[in-house]
Number of protein chains: 2
Amino acid sequence: MPEPTLDVTGWTCPAPLRETPRIVMGHGGGGALSAELVQQIFAPAFGGDILAQLGDSAALTLGGVRLAFSTDSYVVRPLFFPGGSIGDLAVNGTVNDLAMSGARAAYLSCGFILEEGIETSVLARVAEAMGAAARVARVEVATGDTKVVEAGHGDGIYLNTAGIGLIPADVDLRPQRVVPGDVVIVSGDIGVHGVAIMSVREGLEFGVEIESDCAALGGLVETMLAVTPDLHALRDPTRGGLAAALNEIAAASGTGIALQERAVPIPPTVSNACAILGLDPMYVANEGKLVAFVPRAHADAVLDAMQAHPLGAGAAVIGEVVEAHPGMVVAHTALGGTRVVDLPVGEQLPRIC
Amino acid sequence: MPEPTLDVTGWTCPAPLRETPRIVMGHGGGGALSAELVQQIFAPAFGGDILAQLGDSAALTLGGVRLAFSTDSYVVRPLFFPGGSIGDLAVNGTVNDLAMSGARAAYLSCGFILEEGIETSVLARVAEAMGAAARVARVEVATGDTKVVEAGHGDGIYLNTAGIGLIPADVDLRPQRVVPGDVVIVSGDIGVHGVAIMSVREGLEFGVEIESDCAALGGLVETMLAVTPDLHALRDPTRGGLAAALNEIAAASGTGIALQERAVPIPPTVSNACAILGLDPMYVANEGKLVAFVPRAHADAVLDAMQAHPLGAGAAVIGEVVEAHPGMVVAHTALGGTRVVDLPVGEQLPRIC
């Protein structure tokens, strides 16, 4: 794969954004505005080295044991969508964040914020979906909390999960370990979750129903680590899509990422829906996919193992890590050109998770 | 202390409640309705033995290490109140839940759900309060997440924290360990947090400003465990107040609790405010107090140690655990009578934490 020819002299990524006096939807979108909140407000207020790693989960040591610890809140609308529900998302999202550290999720907490007046049966359906997803992911919901806010506040159900899991001793997955020469592998079709949410929320019909790819990736990651514990980094491209995940890795590792745009697996249903809606699939959220940065020597074996796993059947090499254009993601287009794949500012479609 | 003379033949506690088709404010109040949600919806959906312990935090083993794991969401209104803020509550509340397992909190996660349009400076103040509280409690905020919901949804800031900490090898704090003969000790004045919130929310003036008792109790618990690791159970009487905490312990241990009502420390400001508002201080929330169930042989020494600690200066023996009236809390009143202190159905005042 040749180095990109784009001249990026003097380009900075991400462009510094003005401080905003009020919170906008984009602050929750997983893009540049979200990063700005962390860098300008949370990191200075909280201090600490672990938060500063800015991984999907924190890697820490407690009682001599290496743990991954992660949290996500879920505000998806609608609560139930093709292929899943807020309950599935809340389990799989946190399980996946732990898996991106190489940890098998062991225990989850769950915090419900309920709106007065919602039907108890709706809550029960969400809880049952959580329980079923937890059994599939082999994680135990160990502790929880419920708060209720007045009707008109809140929004039906908001849900938070936090999770902990053990990181194997020989595993060290961090963006900082990514180096030029690493092969970039995605585990399957991208853009499916965001399009599934959009189709049901906006009442759009695309001929076929598009189901969310929501799934727990702990088993796939175990399969990959069985090939070699020496993977460099993993990300699940959720909010902000594959573009945000790749940009975060590029920024944190100080490397460039060169993509072959044609190699990125995008199903026709997603590309058609995105064409109608004016969206770029690279920025659409996924909930059951990962992107892996693998040393070249292990790439073929890791790809084979992924493709043999049900959740990695569509895995594909989509690019490589390069020394050129550090901090930038550059795509080689089907027509032979190159384009910069920016960090999104916010999220094209809010409240997809 | 004599056994209570109240005839409780045929009494059941808590009285079974009708299934409610919709969520009401009381489902978040930490009383009987909250317990019903856990028993009827969450426990069956999630399964698992740890959740079934129904402690303030889950005690679990991971990688051979004993951990406490807990979560709480915070929806307090207003966000800032005399003596604290939602940020202080979110740190101290979870630190305290861990401390009730005997664990010193080590790491916290935090999940923000922000309403579009809130001022960034308000978020910054909350984050700074969290950071300051975390430094006092010697706990590190290790991982976080931010979601934004549209203006008119959400409610300014909702906040979730989860926490993990190590449980010392010789410590085993569980309601099930409480036995007749145990001495019941409270660490200081009760009812202060709830009255502080109420005074500012309702614009009431009681002559003197009442400040929340919001504080991290990890250090006090360490002081108590240094006297003897053989404490039987600890609870922080938050939502539902001292009454809910005592009823939970009585129900889980199958013992009775006999209180000396006059011995319960209630400051005049709280009793006056409660008299005006028609509230019972036993049901008003605390955020910096604990109630301890201590074997009689250690009670004096534990009480002395508590009183020597800044957060236990007002500690007092308030009653004992008895064989009579299992599952019930009975108070001996100042006038020589007895009354049953019921599990509250909901919370007298919603959204105090």
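Computed from a prediction, not measured in an experiment: that's the story for all the values here.

Asker: Would you mind going over the sheet that holds strand S12 (residues 316-322) of chain A with me for this structure?
Answerer: Within a sheet, adjacent strands bond to each other through the backbone by hydrogen bonds, running parallel or antiparallel. Residues and elements named next belong to chain A. Reading across from one edge, S9-S11-S8-S12-S10-S13-S14 is the order of the seven strands in this open sheet, with mixed pairing throughout. Taken across any chain shown, the strands that pair with only one partner, and hence form the sheet edges, are strand S9 (233-235) and strand S14 (338-340). The average undirected angle you get between the axes of adjacent strands in this sheet is 25°. Sheet strands touched by helix H9 (residues 296-307): strand S8 (183-186), strand S11 (291-294) and S12. Its angle to S8, the strand with the most contacts, is close to 10°.

Asker: Teacher, can you tell me more about the domain arrangement of chain A here?
Answerer: Many authors give the size of an interface as the accessible area that is lost as the parts come together. All names here are of chain A. Split into domains, chain A comes out as domain 1 (61-166) and domain 2 (175-340). Here the C-alpha centroids of domain 1 and domain 2 sit 24 Å apart. The partner domain 2 presents 24 residues to the 20 residues of domain 1 that form the contact. Summed over both partners, the interface of domain 1 with domain 2 comes to about 1700 Å²; 63% of that surface belongs to carbon and sulfur atoms. If you look at where domain 1 meets domain 2, you find one salt bridge. In this structure, the salt-bridge partner of Glu 222 is Arg 104, at a minimum N-O distance of 2.8 Å. For the pair domain 1 and domain 2, the interface holds six residue pairs in polar contact (both at pLDDT 80 or more). Per-element tally for the side of domain 1 that touches domain 2: the top contributor is helix H3 (residues 86-99), with eight residues. Along the lines of polarity and charge, the residues of the side of domain 1 that touches domain 2 split into nine nonpolar, five polar and six charged.

Asker: I tried to follow the UniProt feature "domain: PurM-like N-terminal" (unreviewed entry) in chain A on my own but got confused; where do I start?
Answerer: Here, UniProt's "domain: PurM-like N-terminal" (unreviewed entry) annotation points to residues 56-167 of chain A. With 29% helix and 46% strand, residues 56-167 of chain A has its two end C-alpha atoms placed 14 Å apart.

Asker: Explain the interface of chain B and chain A here, please?
Answerer: Counting residues at the interface gives 80 residues for chain B and 80 residues for chain A. Across the interface of chain B and chain A, roughly 6800 Å² is buried in total on both sides, 66% from carbon and sulfur atoms. The partner of Arg 77 of chain A in a salt bridge is Glu 150 of chain B, with the nearest N and O atoms 3.2 Å apart. For the pair chain B and chain A, the number of links is 28 residue pairs in polar contact (both at pLDDT 80 or more).

Asker: Sorry, what's going on with the relation of the copies chain B and chain A here?
Answerer: In this arrangement, two copies of a chain are superimposed by a rotation about an axis accompanied by a shift along the axis. Superposing chain B onto chain A takes a rotation of 180° combined with a translation of 0.0 Å along the rotation axis, leaving an RMSD of 0.0 Å. Expressed as a symmetry operation, the mapping of one chain copy onto the other fits a two-fold axis. Every residue of chain B has its C-alpha some distance from the rotation axis, and the shortest such distance is that of Gly 154 of chain B, at 2.1 Å. Both copies contact each other with a shared surface, as 100% of the interface residues of chain B are interface residues in chain A too.

Asker: What am I meant to see in the nonpolar core here?
Answerer: Note that soluble globular proteins tend to have their nonpolar side chains buried in a common cluster. Core analysis: the largest hydrophobic core is formed by 79 residues, its most contacted members being Phe 112, Leu 123 and Leu 290 of chain A together with Phe 46 of chain B. The element contributing the most residues to this core is helix H4 (residues 120-137) of chain A, with nine residues. Counting the residues that make up this core, at least three belong to each of domain 1 (61-166) and domain 2 (175-340) of chain A. Among residues more than four places away in sequence, those in contact with Phe 112 of chain A are Leu 123, Val 126, Met 130, Asp 145, Thr 146, Lys 147, Ile 157, Tyr 158 and Leu 159 of chain A together with Phe 42 and Phe 46 of chain B.

Calculation criteria
Residues numbered from 1 in each chain as written. Chains lettered and ligands numbered in written order. Predicted model: local features only at pLDDT ≥ 70, side-chain atom pairs only at ≥ 80, totals over all residues. Heavy atoms only, no water. Pairing = 2+ DSSP bridges. Helix = DSSP H or I, 4+ residues; strand = E, 2+ residues; numbered from the N terminus. Axes fitted to C-alpha atoms, helices over the stretch in contact; angles between N-to-C directions. Contact = heavy atoms within 4.5 Å. Domains from an automatic or database assignment. Buried area = accessible area lost by both parts, 1.4 Å probe. Salt bridge = Lys/Arg side-chain N within 4 Å of Asp/Glu carboxyl O. Polar contact = N/O pair within 3.5 Å; in protein donor to acceptor, adjacent residues only side chain to side chain. Nonpolar A, V, L, I, M, F, W, Y, C, P; charged D, E, K, R; others polar. UniProt positions renumbered as here; feature names shortened; annotations may be inferred. Least-squares fit on C-alpha atoms with pLDDT ≥ 70 in both. Core = buried A, V, L, I, M, F, W, Y, C linked by side-chain atoms within 4.5 Å. Buried < 20%, exposed > 50% of the residue type's maximum accessible area, 1.4 Å probe, protein only.

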